[in-house]
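Listed below, chain by chain, are the residues.
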Amino acid sequence: MDRLCGRRFARQYCLMGLSLLFSFAYLQAQSEPQPAQTGTIHGIVKSGNMPIPGAAVSISLVDSTQKISTWTDVDGSYSANVPSYGSYTVDVQMVAFANGSQHIVVDAAHANVQANFELTLLSRTREAPPHPREPGGQHPPQRGFQTLAMQNTADQGA
């Protein structure tokens, strides 16, 4: 009889321990923080019908110094995950093109936001910055082809 009682008490303690363990695991799972509210900003960077690969895309939360940086792929597309809902500024830069910028809001209704950019060549912008004059009132040298005269100074007849 003692042997039977010993097993019964051991089984009860074992079942109580297991139920406490499962209860603790359930409560811990309920108290864990919910996943952060994240979103995605994506789009295509083009000039006319041509995609612009290798353009730098910088995404920053308004009123924050943290930035997410990425680059456009061969087809001009980019995509970046943002860590939380909020207002973001998306800046695009590429050599020889005017910069592009858009303000984007990521929230529960707009967690997957598309921001496309149409960049213009700097040479085609109306508001190209004027070239400063060099000292003495001369314009800076222009880029392009230049013809140089060559003179042969080798001794002839030596």
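All figures in this text were calculated on a predicted structure; none of them were measured in a lab.

What follows concerns the overall build of the protein chain. Scanning the protein chain from terminus to terminus reveals 1 helix and 9 strands. In sequence order, the protein chain lays out its α and β elements as α-β-β-β-β-β-β-β-β-β. The buried share of the protein chain, taken over its 158 residues, is 20%. In the protein chain, the share of contacts with a sequence separation of at least 24, taken over all contacts with a separation of at least 6, comes to 55%. Carbon and sulfur atoms make up 55% of the accessible area of the protein chain, which totals about 13000 Å².

Glancing now at the environment of Gly54. Inspection of the secondary structure puts Gly54 in the loop between strand S2 (50-51) and strand S3 (56-61). On a C-alpha basis, the gap between Gly54 and Asp73 in space is 6.3 Å, while along the polypeptide they are 19 residues apart.

What follows covers the pairing of strand S4 (residues 67-71). Regular strands place their side chains on alternate faces of the sheet. Relative to S4, S3 is paired through 5 bridges, and the arrangement is antiparallel. By the bridge assignment, Ser60 is partnered in S4 with Lys67. Where S3 hands over to S4, the hairpin turn is made up of 5 residues, of which Asp63 adopts a positive phi near 65 degrees.

Attention now moves to the side chain of Thr70. Here Thr70 shows up in strand S4. Thr70 sits in the buried class, given a relative accessible area of 17%. In this structure Thr70 touches Ala55, Ala56, Val57, Tyr78 and Ser79, once residues within four positions along its chain are discounted.

Next up on the list: the pairing of strand S6 (residues 86-93). Pairing geometry for S3 and S6, over 6 bridges, is antiparallel. Following the sheet pairing, Ser58 is matched in S6 by Asp91. As judged from the 7 bridges shared by S6 and strand S7 (residues 100-106), these two strands associate in the antiparallel manner. The residue bridging Val90 from the neighbouring strand is Gln102, located in S7. The turn joining S6 and S7, which pair antiparallel and follow one another in sequence, is formed by 6 residues; a positive phi near 75 degrees is taken by Ala96.

Attention now moves to the confidence of the model for the protein chain. When pLDDT is averaged across the protein chain, the result is 77; 56% of the residues are at 70 or more. Per-element confidence in the protein chain ranges from a low mean pLDDT of 55 for helix H1 (residues 2-31) to a high of 98 for strand S9 (residues 117-118). Confidence drops under pLDDT 50 across residues 144-148; counting only partners more than four residues distant or on other chains, this segment forms 0 contacts.

What counts and how
Residues numbered from 1 in each chain as written. Predicted model: local features only at pLDDT ≥ 70, side-chain atom pairs only at ≥ 80, totals over all residues. Heavy atoms only, no water. Helix = DSSP H or I, 4+ residues; strand = E, 2+ residues; numbered from the N terminus. Buried < 20%, exposed > 50% of the residue type's maximum accessible area, 1.4 Å probe, protein only. Contact = heavy atoms within 4.5 Å. Areas by Shrake-Rupley, 256 points an atom, 1.4 Å probe, with all protein chains shown as cover. Pairing = 2+ DSSP bridges. pLDDT = per-residue confidence, 0-100.

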